[in-house]
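Report on the structure
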Amino acid sequence: MIAMAVWGGFAPAAGAATTQASNTDSGTTTTTSPPPVVATRRHAHPKSRHHAHLTSPPVQLSAPAPAATADTGSALIGVFAITAGSCSGGTATGTYFRMIEPGGTLSGPFLSNSNSACANESYTLLSPGTARGLSTAAYQPNPSPSFDSHGNGRANSITQPQEFFGVDFSLSTNSTDPQTGLGVSAPSISNSGGTLSGNVEAISVGWNDQNFNQGSPKPGGTKPGLTSGPTGTYNAASGAFTLNWSSLIVGGPFNSFTGLWHLQGTFISSTPAPTTTTTTPSGSHTSTSTASTTGVTAASGAPDASSGDPSRALANTGIDTEKLLLLTLVMFASGAGLLLIPRPTRKAHSRKSRSP
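This structure is a prediction, so every number in the text was calculated from the model and none was measured.

What counts as what
- Residues numbered from 1 in each chain as written.
- Predicted model: local features only at pLDDT ≥ 70, side-chain atom pairs only at ≥ 80, totals over all residues.
- Heavy atoms only, no water.
- Helix = DSSP H or I, 4+ residues; strand = E, 2+ residues; numbered from the N terminus.
- Buried < 20%, exposed > 50% of the residue type's maximum accessible area, 1.4 Å probe, protein only.
- Contact = heavy atoms within 4.5 Å.
- Areas by Shrake-Rupley, 256 points an atom, 1.4 Å probe, with all protein chains shown as cover.
- Core = buried A, V, L, I, M, F, W, Y, C linked by side-chain atoms within 4.5 Å.
- Polar contact = N/O pair within 3.5 Å; in protein donor to acceptor, adjacent residues only side chain to side chain.
- Pairing = 2+ DSSP bridges.
- Disulfide = S-S within 2.5 Å.
- Axes fitted to C-alpha atoms, helices over the stretch in contact; angles between N-to-C directions.

Okay, the overall build of the chain next. Secondary structure assignment for the chain yields two helices and 21 strands. The buried share of the chain, taken over its 356 residues, is 39%. Restricting the contact set of the chain to residue pairs at least 6 apart, pairs at least 24 apart contribute 68%. Within the structure as shown, the chain displays about 19,500 Å² of accessible surface, and the carbon and sulfur contribution to it stands at 57%.

Right, let's talk about the environment of Thr-266 for a bit. By the element assignment, Thr-266 lies in strand S21 (residues 258–269). Looking at Thr-266, the relative accessible area reads 37%, which means it is partly exposed. Each C-alpha atom, one on Thr-266 and one on Tyr-234, is 9.0 Å from the other, the two residues being 32 residues apart in sequence. Every residue in contact with Thr-266, bar those within four places of it in the chain, is listed here: Val-79, Phe-80, Ala-81, Ser-238, Gly-239, Ala-240 and Phe-241.

This part takes up the nonpolar core. Counting 30 residues, the largest nonpolar core has Phe-254 and Trp-261 as its most contacted members. Secondary-structure elements contributing two or more residues to this core are strand S6 (78–82), strand S9 (96–105), strand S14 (167–173), strand S17 (203–207), strand S20 (240–248) and S21. Residues Ala-92, Cys-118, Tyr-123 and Leu-125 belong to the second largest nonpolar core, which totals five residues.

Let us look at the side chain of Ser-247. Turning to its location among the elements, Ser-247 is positioned in strand S20. Within polar-contact distance, the side chain of Ser-247 engages the backbone oxygen of Gly-215 at 2.8 Å.

Burial runs high along S17: five of the five residues are buried. The alternating pattern of S17 places Ile-203, Val-205 and Trp-207 on one face and Ser-204 and Gly-206 on the opposite face, and all of these are buried. Here S14 runs beside S17; their pairing, made up of five bridges, is antiparallel. Its bridge partner lying in S17, Phe-169 is registered against Trp-207. Here S17 runs beside strand S18 (residues 210–213); their pairing, made up of four bridges, is antiparallel.

Under the criterion given, the structure shown has one disulfide. Put simply, Cys-87 and Cys-118 are joined by a disulfide, and their sulfur atoms are 1.5 Å apart. Of this pair, Cys-87 sits in strand S7 (residues 86–88) while Cys-118 sits in the loop between strand S10 (108–110) and strand S11 (124–125); the two residues are 31 residues apart in sequence, bridging distant segments of the chain. Judged by its relative accessible area of 32%, Cys-87 falls in the partly exposed class.

Take the sheet that holds S18 next. Reading across from one edge, S13-S14-S17-S18 is the order of the four strands in this open sheet, with antiparallel pairing throughout. Only two strands of the sheet have a single neighbouring strand rather than two, namely strand S13 (162–164) and S18. Sheet twist, expressed as the average angle between the axes of neighbouring strands with direction ignored, equals 35°. Where S13 lies against S14, three bridges are found, and the strand directions are antiparallel. Across the sheet, Phe-164 pairs through a bridge with Val-167, a residue of S14.

Quick look at the environment of Gly-259 now. Inspection of the secondary structure puts Gly-259 in strand S21. The buried category is assigned to Gly-259, whose relative accessible area is 0%. With 32 residues separating them along the chain, Gly-259 and Thr-227 place their C-alpha atoms 8.5 Å apart.

Written out as structure tokens, the structure reads:
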């Protein structure tokens, strides 16, 4: 759930008193001050949607931190398919985000969204996009153009665009962060014994013709303000997960607010299952035979399937059957020919008559 204070040109009215009332959500508080003042932007907006100018000075970030060390655990590569958010009483379940007021903590106070579908308007519910959720297999970039003619974000792969103070915001991940212009890595989430961690620095929000980084860490590796996470839980058997992170909003009318994101659903792996090989003990049969490029070799100890067929029996000896048969025929023909050759006539010996 990420704070969207920077998003659209909504700045709290100057000098307006802000009071806070106890919230039914685990003792957290939600602001009850008047809605932010909206400065009209380029053109009139249907359905009472307005555009606002950026008026707040940007937050100064600290120097980039050293590169983060690699996540431990097993990388989960696929799609974290989200369950649509829903409300029950004063709390929300499924996938949603909330915005923390400047100076607050991760427990609040939270800004109310006048377009929320919940009785507790600090929850803004989210529903699955065309890819069903957040991918760790590839970027899910902004479309071109990123906004429609009214400044509504058009990206719809991760989540469907959602109305926030009269303008739709959308989520995307891009190889180059649209707000800072820095290169960022695609989201990566790892599981270690059912606990999730990782890097979602590429998360970007498009709203009111503006882009705001809502990742953790921020591009460059920093975690300013309340920026933290991602953390979560994972059930390897069912794929059920929860994923949470927070990200400071830098620049714009919601400067210094913090976005708090909560994703919930089922992880769908895109990694092929490993191939298993069965080793057959010598002397046993297998249902599948594999042809060899060097000839057919009988399994050791296997019964001779060619019993009764001399030509097949010869094949099992490795001798070229055709050549052997041809040689046999030649030898047979040679022997038959010899029998046909007439024997030399014996010379008759004349016997001289002998006198008695």
